[in-house]
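# Commentary on secondary and tertiary structure
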Amino acid sequence: MRVFPWGFWLLCVASAPARGDSGSKARSCAEVRQLYGAKGFSLSGVPQAEISGEHLRICPQGYTCCTSEMEENFANKSRSEFEAMMKEAGRSVQATLTAQHRSFDSYFQDLLNKSEKALYDAFPSLYGELYTENAKVFKDLYSELRRYYRSSNINLEEALNEFWTRLLERLFKLLNPQYHITDEYLDCMVKHAEQHKPFGEVPRELKLKATRAFIAARSYAQGFLVGSDVVRKVSQVSLSQECTRAIMKLMYCPHCRGMASVRPCNNYCLNVVKGCLANQADLSTEWKYLMDSLMGVADRIDGPYNVDTVIGTIHMRIAEAISNLQENKDSITSKVFQGCGNPKINTKGSSSEDKKRRGKVTLEAKSSAQALEMLVLDAKGNLTALKTYWITLPSSLCSKKVMASSVSDDKCWNGMTKGSYLPEVMGDGLANQINNPEVEVDITKPDMTIRQQIMQLKIMTNRLGNANIGNDVDFQDTSDDMSGSGSGDSCPDDVCGKRLSKSPSTRQPETHAIPKQSGHGVSGASSRSLPSASLLLLVSVAVIAPQHLWR
């Protein structure tokens, strides 16, 4: 007779459904009903107390407060909420990079504007008709400088050569009004200009310093925009179906199991988020290179290529060049006549003293070196903080958004029940997710949008690397949101249509096409630097390799 009670007890235990915790009565679903309603869903059909969970497809199939419809709604909600978390985290980074771009862009444009204004204010009284009759030459120079900075496809060295050529032609005629100087004669004079150095060493020195400063400045400014754009596009990548299920299980299955107050285990959350953001983590290496490259160029901008010294004194260097021409006018004229012959006498030549003003010109430039130093220090601090963004993102989301429990908590939600989480945390990146226990990740199929953004980072880093050593490597980019510092003066017909410089042509900037926006490969001049050649190889590998992986 002793067997009966023992066997009866076993039968009762076997027939009793498992529960998340102790208790023989069906627990109330009041907390889940409150949460479900707060998410905007109707409470119609929502259980008042726990029901059997055989219908569940994502959450554990024990006693539950969730119907199939609730589970599906929670899954969709968790997906949209997680994607919103990603965008919110990305917006913070975007805001930082955009603010850095805006600060530097405003500073740089202000330098250029002040230099131009100083020229307009001082030159009329200093040079009279030498300036007033040639004001457009100076205006065109500053327009070209702005166009280059705004990433227009122009050659800066050639633009500077053109300025000195046009200025020399105009001033030579004005300084020698007694002669009839034809265009053909001016062509001859320009050919000998390099030999005679009518403006002294100013054109050569300004070209060297200004091109380096402008190359560094515009690459630096655009680097912030590219970084911000990459974050924006990557933050918009949608979750896969596997990740949607994993995020739902992480965030809402505790509620369905009647454990609304139990937070997810930290390591459990990390495995889920690392699996779902595996492709994003692969940005980390190139992202770090971009941040380092920006800091390197920042040091150049506030150092050897100091934009405050170079850009803020352009008008002073031009004044110095004109003074050199005026002081050596007789000697230079004599040399030109020896090389090109004596021009005809101009019987209508003017003898206006206004045209013959001479004298050493001294202009002042207000230094903003301290402001530049503060800009660079602030930028470097922010860039350093952002270097690890992609690999620290899972930890940040788990601690701040998902509100995971502490690492050592043994009473957290582990995906099945309340307890400790035993599996190890996966590494960062796609390749490390092959054994992720929480998310099924196909490591052979990388996300193509993110791979394209990795290539954007490579190209921008390459460009900054070249700017760091004074090389101008340009690339075509047709996107609407990476066009530089915004709208500016359009190119006037009389500027864009002017003839090519008569000076010897200078090195053209190397031009590369961004793969996702142009399938035409390299356009423009041929590549001359090893980094650019390597870049083309990277482009080819990046485009071809994923195609093989998909097969």
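Per an unreviewed UniProt entry, the chain goes by Glypican-1 and derives from Geospiza parvula. In its Function (unreviewed entry) section, the UniProt record describing the chain reads: "Cell surface proteoglycan." Here the chain is described in UniProt, under the heading Sequence similarities (unreviewed entry), as follows: "Belongs to the glypican family."

Now for the state of the cysteines. Applying the stated rule across the entire model yields seven disulfides. Two residues share a disulfide in this structure: Cys29 and Cys65, whose sulfurs sit 2.0 Å from each other. One disulfide, between Cys29 and Cys65, carries an S-S torsion of -85° and so falls in the left-handed class. Highlighted residues: Cys29 in the loop between helix 1 (3-15) and helix 2 (30-38) and Cys65 in the loop between helix 2 and helix 3 (68-127), separated in sequence by 36 residues. Classification of Cys65 by relative accessible area gives buried; the value is 1%. What pairs with Cys265 in a disulfide is Cys412, and their sulfur atoms sit 2.0 Å apart. The chirality of the disulfide connecting Cys265 with Cys412 is right-handed, given an S-S dihedral of about 95°. Taken together, the positions of Cys265 in the loop between helix 11 (253-256) and helix 12 (266-276) and Cys412 in strand 3 (residues 412-413) put the pair 147 residues apart, joining distant regions of the chain. For Cys412, a relative accessible area of 1% gives the class buried.

Let us look at helix 3. Across its 60 residues, helix 3 extends 86 Å between first and last C-alpha, which sits within 8% of the 88 Å expected from 1.5 Å per residue. By the largest-angle criterion, Asp121 marks the main kink of helix 3, which is about 25°, and a proline, Pro124, follows within four residues. One or two steps after helix 3, the chain reaches Gly128, where phi turns positive at roughly 60°.

Among the secondary structure elements, Tyr107 is positioned in helix 3. Under the relative-accessibility criterion, Tyr107 is labelled buried at 9%. With 265 residues separating them in the primary sequence, Tyr107 and Leu372 have C-alpha atoms 7.8 Å apart.

The rules behind each value
Residues numbered from 1 in each chain as written. Predicted model: local features only at pLDDT ≥ 70, side-chain atom pairs only at ≥ 80, totals over all residues. Heavy atoms only, no water. UniProt positions renumbered as here; feature names shortened; annotations may be inferred. Disulfide = S-S within 2.5 Å. Helix = DSSP H or I, 4+ residues; strand = E, 2+ residues; numbered from the N terminus. Buried < 20%, exposed > 50% of the residue type's maximum accessible area, 1.4 Å probe, protein only. Expected span 1.5 Å × (residues − 1). Bend = angle between axes of the 7 residues up to and from the residue.

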